[in-house]
Amino acid sequence: MQAAVWSAPRARGPVFGAVRLPGSKSLSARELLLSAIGDAEANLTGVLFARDTDLMVQALRSLGAVIAPWPPVVDQPVQIKPLPQLWTGAPAQDASGGPSGGAPITVDCGLAGTVMRFIPALAVALGRAVRFVADSQANARPMRPLLDALVQLGARIEYESPDGDVFPYTIYPPAERLGAEVTVDATASSQFISALLLAAPLLPDGCTIRSKTVALPSLPHIEMTMQCLSQHGITVEQGLSDDGKPFWNVVSEPVFGQDVFIEPDLSNAGPFLALVGIAGGRISVPAWPAKTMQAGAAWLQILPLMGLRVEWNCGVLTVSRPGPLQPLDADLSAVGELVPTVAALAAFAEGTSHLRGLHHLRGHETDRLEALRAELTAIGISCEITPEDDLVITGKPVTPSWRDTPTIDAEPLLLRSYQDHRLATFGALLGLYYPVQIDDIGATTKTLPDFTTMWERLLGAAS
Ligand SMILES: O=C(O)C1=C[C@@H](OP(=O)(O)O)[C@@H](O)[C@H](O)C1
Ligand SMILES: C=C(OP(=O)(O)O)C(=O)O
């Protein structure tokens, strides 16, 4: 597909408006998967339709789930008929490596962390052989610790490349009974733990999942997985070993199939809220949940620390900017996916921001630390990566009067999106002030296909 260069609209003054966000990527992925292995049909309302969730749906369909309508139809839930072989005893079609034989099915992971991590664990638990393909950029994303954990359960992996360790590869489940205990190094991604937790109820003896380390990134995402499992009737017992390392015990039991409402994506709300920090004005996001496990809940702490006013009233979150934008010094390891947006705000703050706990961002859609440094530097903002992989960004505050901005007639700078949706929206935030083009705004289709329409409408720049 040809990359779509996009001229980011500049803010001509304060921006006022409301933005309705589509469903959470992380909740959609988990609920689609759990519904596909549920013990009854389920209706999901508010499922995100974007590249990542489309890949998840196609993967679950190829395992046997019936999911329709897809793409979702406005105001209609997506109905999921779970995998028949689980609860009716019907033989798995195409199963291979296990008792029923047959050719492996192929699953495309694209660049979706949720698909490349959740589906292999699920397929092994289901006794299905699957060949995994992915975007070439996916080869830079960490997979090894999860694959090692699946080998501990008894799986076998066949790489097609003589170099090993890169897509495509086929994962074969064992012919004998699957194991019930794994130890995993999840310092590179919480999704390794989530993947094993989601598959665990299907393992014949359940599973004990042990973390190799005390500290883990993206803890809210692991908690979200536990909460989703618990809403589907699965008991997860979490504990700490004597040396302080977390473990999770999951019992083998049926996953209740049930109707679910998916909350709006609060991480994707980030760029729209951050817009106020740069341009001023007031933005509201309706249907903001009073209680949520999403990482984006942290906007309620992060934005006030950066000088923004955040009000939540009857399910509507409103952000305004009472004064200048402040730098942030914070450990963001729990909410790594918010960092590109925070970095954009830091670029306009009055002082130096120190963003800590970011090592695992090197394994996101791109190496986000290098990408953020490169693009901020290109635009003339000082950004350093410390030996601990913290980002240190010294902002350049802009004049309150947008008419005075000196850069207005300058030649646009081409910012790179690195096929990363969050780098693309980071670029759009810089573009509120600096004249920029984004080399491939299509990256936003990963989780927010309507991004440009929503952004341009808000800025009054729709054609
Ligand atoms: O489980 C999930 O839905 C996610 C977990 C996190 O991954 P990492 O732990 O790899 O950062 C997060 O950054 C990603 O956007 C979504
Ligand atoms: C890291 C992210 O995605 P993924 O689910 O592909 O890991 C993200 O959305 O910021």
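Per-chain numbering applies: the sequence of each chain, read as written, is numbered from 1 onward. Chain A is the first chain written and ligand 1 is the first ligand written, with later ones labelled in order. In keeping with the model being predicted, local features are shown solely for residues with a pLDDT of at least 70 and side-chain atom pairs are shown and tallied solely at 80 or more, while totals for entire chains, interfaces and linings include all residues. The basis for every side-chain value is the complete set of heavy atoms in the structure, and neither hydrogens nor water enter the calculation.

It is worth spelling out the sheet that holds strand β18 (residues 329-331) at this point. Here, strands pair whenever DSSP counts at least two bridges between them. Secondary structure counts use DSSP, requiring at least four H or I residues in a row for a helix and at least two E residues in a row for a strand, with both numbered from the N terminus. Taken in spatial order, the four strands of this open sheet run β18-β19-β21-β20, and their pairing is mixed. On the outer flanks of this sheet lie β18 and β20 (382-385), each paired with one strand and no other. With strand direction ignored, the average angle separating the axes of adjacent strands in the sheet is 10°. The pairing of β18 with strand β19 (residues 352-356) spans three bridges and is classified as parallel. When the sheet's bridge partners are listed, Asp331 is paired in β19 with Arg356. Across the sheet, helix α11 (residues 368-379) is in contact with β20 and β21 (391-394); its angle to β20 comes to roughly 155°. Lines fitted to C-alpha atoms define the axes here, with helix axes fitted over just the stretch in contact, and angles between the N-to-C directions of these axes take values from 0 to 180 degrees. Contacts: residue pairs with any heavy atoms within 4.5 Å of one another.

The next thing to look at is the nonpolar core. Looking at soluble globular proteins, one finds that nonpolar side chains tend to be buried together. What is meant by a nonpolar core is a set of buried Ala, Val, Leu, Ile, Met, Phe, Trp, Tyr and Cys residues, joined one to another through side-chain atoms within 4.5 Å. Buried, partly exposed and exposed residues are distinguished by accessible area as a fraction of the type maximum, computed with a 1.4 Å probe on protein chains only: under 20%, between the cut-offs, and over 50%, respectively. If you look at the biggest cluster of nonpolar residues, it comprises 79 residues, and the most contacted ones within it are Leu60, Ile119, Leu150 and Leu197. The contact partners of Ile119, leaving out residues within four places of it in the chain, are Met56, Ala59, Leu60, Leu63, Val107, Thr114 and Phe132. Counting 75 residues, the second largest nonpolar core, distinct from the first, contains Val276, Trp288, Ile379 and Ile438.

Quick look at the site of ligand 2 now. Nearness is defined per residue: one heavy atom within 4 Å of the molecule or strand is enough. In the vicinity of ligand 2 lie 14 residues, with Lys25, Gly113, Arg141, Arg422 and Lys446 positioned nearest. Side-chain polar atom of Arg141 to an oxygen atom of ligand 2: 2.7 Å apart, as the coordinates give it. Between ligand 2 and the protein, one listed contact pairs an oxygen atom with a side-chain N or O atom of His421 at 3.1 Å. Values of accessible area rely on a 1.4 Å probe in the Shrake-Rupley scheme; residue burial ignores everything except the protein chains shown. Protein contact buries 97% of the 300 Å² of open area that ligand 2 shows by itself. Counting only elements with at least two residues in the shell around ligand 2, the list comes to α4 (113-126) and α12 (421-430). We call Asp, Glu, Lys and Arg charged. Ala, Val, Leu, Ile, Met, Phe, Trp, Tyr, Cys and Pro are nonpolar, and the rest, Gly among them, are polar. Tallied by class, residues from the shell around ligand 2 come to two nonpolar, five polar and seven charged. Taken domain by domain, the shell around ligand 2 gets at least three of its residues from each of domain 1 (6-22 + 263-459) and domain 2 (25-250). The definition of a polar contact used here is a pair of N or O atoms within 3.5 Å, where within protein one atom must be able to donate a hydrogen and the other to accept one, and adjacent residues in sequence count solely through side-chain atom pairs. Throughout the structure description, domain borders are defined by an automatic or database domain assignment.

UniProt positions are given in the numbering used here, feature names are shortened, and annotations may be inferred rather than shown by experiment. What UniProt calls "binding site: phosphoenolpyruvate" (unreviewed entry) maps, in this numbering, to Lys25, Gly113, Arg141, Gln191, Arg368, Arg422 and Lys446. By the secondary structure assignment, Gln191 is in helix α6 (residues 191-199). Leave out the neighbours within four places in its chain, and Gln191 touches Gly113, Thr114, Arg117 and Phe118. For Gln191, the side chain forms a polar contact with the side chain of Arg117, separated by 2.4 Å. Positionally, Lys446 belongs in the loop between β23 (436-438) and α13 (451-458). Take Lys446: its relative accessible area is 5%, and that puts it in the buried class. With near-sequence residues (within four places) excluded, Lys446 lies in contact with Ala50, Arg51, Asp52, Leu111, Ala112, Glu365 and His421.

Near ligand 1, the surroundings consist of 13 residues, among which Ser26, Arg30, Ser190, Glu337 and His364 are the closest. Ser190 is positioned with one of its side-chain polar atoms (N or O) 2.6 Å from an oxygen atom of ligand 1. Between ligand 1 and the protein, one listed contact pairs an oxygen atom with a side-chain N or O atom of Glu337 at 2.4 Å. Its free accessible area being 380 Å², ligand 1 has 96% of it covered by the protein chains. Counting residues per element, the ones that place at least two in the shell around ligand 1 are α1 (25-36) and α4. Looking at the shell around ligand 1 element by element, the count peaks at three residues for α1. Tallied by class, the residues present in the shell around ligand 1 amount to one nonpolar, nine polar and three charged.

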